[in-house]
Amino acid sequence: MAQHAVEFEVAGPWSLDTSREFWEEMAPLGPASAAGGGGALRTVFHADSDWRRVGAEVTQYGTTARVVVTGDGDLAAAAEQVRRFLSLDVDARGWPAVAERDPVIAEVQARWPGLRPCGFHSPYEAAAWAVLTQRTGMTSARRMRDDLIARYGTGGAFPSPEALLGLDYELPWRKTEYLHSVAHTALDGLLDGAWLRALSPGEAVRQVQQVKGLGVFSAELVVLRGAGHPDALPTQERRLEAEVAERYGPGRSLTEIAENWRPYRTWAALHLRVLRGERLGTAAVRPARAA
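The structure presented is a predicted model; accordingly, all values stated were derived computationally and were not measured.

How each quantity is defined
- Residues numbered from 1 in each chain as written.
- Predicted model: local features only at pLDDT ≥ 70, side-chain atom pairs only at ≥ 80, totals over all residues.
- Heavy atoms only, no water.
- Helix = DSSP H or I, 4+ residues; strand = E, 2+ residues; numbered from the N terminus.
- Rg over C-alpha atoms; globule rule 2.2 N^0.38 Å.
- Buried < 20%, exposed > 50% of the residue type's maximum accessible area, 1.4 Å probe, protein only.
- Areas by Shrake-Rupley, 256 points an atom, 1.4 Å probe, with all protein chains shown as cover.
- Lys, Arg positive; Asp, Glu negative; His and termini not counted.
- Charge placed at Lys NZ, Arg CZ, Asp CG, Glu CD.
- Contact = heavy atoms within 4.5 Å.
- Polar contact = N/O pair within 3.5 Å; in protein donor to acceptor, adjacent residues only side chain to side chain.
- pLDDT = per-residue confidence, 0-100.
- Pairing = 2+ DSSP bridges.
- 1 Å grid on protein atoms, 1.4 Å probe; cavity = no way out; pocket = protein on both sides within 12 Å on 5 of 7 lines; lining within 4 Å.
- Points joined across faces, edges and corners; volume = space filled by probe spheres on them.
- Nonpolar A, V, L, I, M, F, W, Y, C, P; charged D, E, K, R; others polar.

**Comments concerning the overall build of the chain**
Step number 1: From N to C terminus, the chain includes 14 helices and five strands.
Step number 2: Taken over C-alpha atoms, the radius of gyration comes to 18 Å for the chain, in line with the 19 Å a tight globule of 291 residues would show.
Step number 3: Overall, the C-alpha framework of the chain stretches about 50 × 45 × 35 Å when taken along its three principal axes.
Step number 4: The buried share among the 291 residues of the chain stands at 56%.
Step number 5: In the structure as shown, the chain presents an accessible area of about 11800 Å², 49% of it carried by carbon and sulfur atoms.
Step number 6: Averaged over its 33 positive side-chain charges, the chain has a centre that lies 4 Å from the centre of its 36 negative ones.

Here you go:
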């Protein structure tokens, strides 16, 4: 098994400690996938370049990030995937200026200094999670996910698309059928993270909606939290809309307010959802429609 290490300067605010807290408490990745300790963030996943299992460890030294990936596949591509799902590939030097334009964002930036959105390992995993949560409570969805990892995963990683195609028992609400569709689409390259990031957010959402079982809400989850687009707005998030109404007053639309957030609209929206989740005692980043 080979190892590949890269070090790079992270442009703009970043705190691994804050990101790790976000990852462990709020990212729906399952207990075997998210692990911290010793100042590092550690995780395992299947790289979407070749679907080989990868182990990753991320550490921070000032403004420098060190990513070490271990596995048998394309480790350079896997390291780029780590940068993407931790939002370390985003130039955030303009992020503090958003706080200067918007006092609400200033508040949440001060509350979570250096927080960058930590997404799913890949759009593929985000799509699978979207299927598991459809018409299902979070506890049941997590239980199904843990069972899939135990039965079809590799060393704690969520099953690769090839392995997921081996799912041979029926999950409720056509989930087996839709998971098979997600797996086929991933193998066809439609859920490639780098490709989706290269598209405009709107076009990326339209592409993802080609996957059987994924509507607009699920497609936006895949694009924003799977591909990690930094500057897009969810259109189906009632929790976010409720927080905007409370923070900015009635009669103001999310689209209008978000103009001050460019080019980090995804980031600002996530921070507001985290703020609401903390205040209400809920996991703010869960893909739920109700506040």
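What follows continues from the structure just given.
**Regarding the environment of Arg247**
Step number 1: Of note, Arg247 is situated in helix 12 (residues 238-248).
Step number 2: For the pair formed by Arg247 and Val54, sequence separation is 193 residues and the distance between their alpha carbons is 41 Å.
Step number 3: Once residues within four sequence positions are removed from consideration, Arg247 is found in contact with Val104, Glu107, Leu275 and Arg279.
Step number 4: Of note is the side chain of Arg247, whose polar atom sits 3.1 Å from the side chain of Glu107.

**Here's the deal with the environment of Leu187**
Step number 1: Structurally, Leu187 can be placed in helix 8 (residues 175-187).
Step number 2: Relative accessible area serves as the criterion here: at 37%, Leu187 is assigned to the partly exposed category.
Step number 3: Separated by 136 residues in sequence, Leu187 and Trp51 place their C-alpha atoms 8.8 Å apart.
Step number 4: Apart from the residues lying within four places of it in its own chain, the contact partners of Leu187 are Trp51, Pro161, Glu162 and Leu165.

**A few points about the confidence of the model for the chain**
Interpretation of the predicted coordinates at a detailed level should be avoided for regions scoring low in pLDDT.
Step number 1: On average, the chain scores 89 in pLDDT, and the residues at 70 or more come to 91%.
Step number 2: Per-residue pLDDT stays below 50 along residues 30-34; that stretch engages in 15 contacts with residues further than four places along the chain or on separate chains.
Step number 3: For the stretch residues 283-291, pLDDT sits under 50, and the model shows 30 contacts to residues farther than four places along the chain or on other chains.

**So, unusual backbone geometry**
Step number 1: Each neighbour pair has its own omega, and for Arg262 with Pro263 the value is 0°, a cis peptide bond.
Step number 2: Note that Pro263 resides in the loop between helix 13 (254-258) and helix 14 (265-280).
Step number 3: Even without a glycine there, the phi angle at Arg135 is positive, about 55°.
Step number 4: Checked against the element boundaries, Arg135 lands in the loop between helix 5 (123-133) and helix 6 (138-152).

**Section: the pairing of strand 5 (residues 64-71)**
Looking along a regular strand, one sees side chains alternate from face to face of the sheet.
Step number 1: Counting buried residues along strand 5, six of its eight residues qualify, which places the element largely inside the surrounding structure.
Step number 2: Pairing analysis gives eight bridges linking strand 1 (residues 2-9) to strand 5, with the strands arranged antiparallel. Paired with Phe8 across the two strands is Ala65, which belongs to strand 5.
Step number 3: Here strand 4 (residues 53-61) pairs with strand 5 via eight bridges, running antiparallel. Across the sheet, Val58 pairs through a bridge with Val67, a residue of strand 5.
Step number 4: What sits between the antiparallel neighbours strand 4 and strand 5 is a turn of two residues, in which Gly62 has the positive phi angle 65°.

**With respect to empty space enclosed by the protein**
Step number 1: On inspection of all chains with the given rule, the structure shows one cavity of 30 Å³ or more.
Step number 2: Approximately 290 Å³ is the volume attributed to the largest cavity.
Step number 3: As for the largest cavity, its lining consists of 25 residues, and the residues nearest its centre are Leu221, Leu224, Arg225, Thr266 and Arg273.
Step number 4: Secondary structure elements with two or more residues in the lining of the largest cavity: helix 2 (75-85), helix 11 (216-226) and helix 14.
Step number 5: For the lining of the largest cavity, the element with the highest residue contribution is helix 11, accounting for six residues.
Step number 6: Split into classes, the residues belonging to the lining of the largest cavity amount to 14 nonpolar, six polar and five charged.

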